[in-house]
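Below are the chains, spelled out letter by letter.
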Amino acid sequence: MVAVAFDRGERRECARVYWAMKVLLFNPYSGMYSCPLAMTDGAARALELLEDGAVMREARAYERLTSRDPSKFWTSGQWMT
């Protein structure tokens, strides 16, 4: 689902708004899984905005954070105490 926000196809201009709507609708049915999805989106967006693209390419984290393949997809999150 995170990959929707980074779609560079037809919905490019409104991809992030479209993603936000999907997450809001998905949230009640997912048992609050939208929180890790939002964290994953934030991590991917931060990597996308980095001026030093070498870090992103070397780690290959961006591709995994935005993957549509469940066997390759990574989630991101934070632990709160």
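Structure's up top.
Residues numbered from 1 in each chain as written. Predicted model: local features only at pLDDT ≥ 70, side-chain atom pairs only at ≥ 80, totals over all residues. Heavy atoms only, no water.

Asks: Help me out: how do you make sense of the environment of Tyr18 in this one?
Replies: One can find Tyr18 in helix H1 (residues 15-30). For Tyr18 and Val4, which are 14 residues apart along the polypeptide, the C-alpha to C-alpha distance reads 7.6 Å. (Helix = DSSP H or I, 4+ residues; strand = E, 2+ residues; numbered from the N terminus.)

Asks: What's the story with the side chain of Ser67 in this structure? I'm lost.
Replies: Along the polypeptide, Ser67 turns up in the segment after helix H4 (61-65). Classification of Ser67 by relative accessible area gives buried; the value is 14%. At a separation of 3.0 Å, a polar atom in the side chain of Ser67 contacts the main-chain amide nitrogen of Asp69. Apart from the residues lying within four places of it in its own chain, the contact partners of Ser67 are Ala3, Lys72 and Phe73. (Buried < 20%, exposed > 50% of the residue type's maximum accessible area, 1.4 Å probe, protein only. Polar contact = N/O pair within 3.5 Å; in protein donor to acceptor, adjacent residues only side chain to side chain. Contact = heavy atoms within 4.5 Å.)

Asks: Explanation requested: the nonpolar core in the structure shown.
Replies: Across soluble globular proteins, nonpolar side chains have a tendency to be buried as a group. Ranked by size, the top nonpolar core spans twelve residues in total: Val2, Val4, Ala5, Phe6, Trp19, Val23, Leu37, Ala44, Leu47, Ala61, Tyr62 and Leu65. For this core, the secondary-structure elements that each account for two or more residues are H1, helix H2 (34-49) and H4. (Core = buried A, V, L, I, M, F, W, Y, C linked by side-chain atoms within 4.5 Å.)

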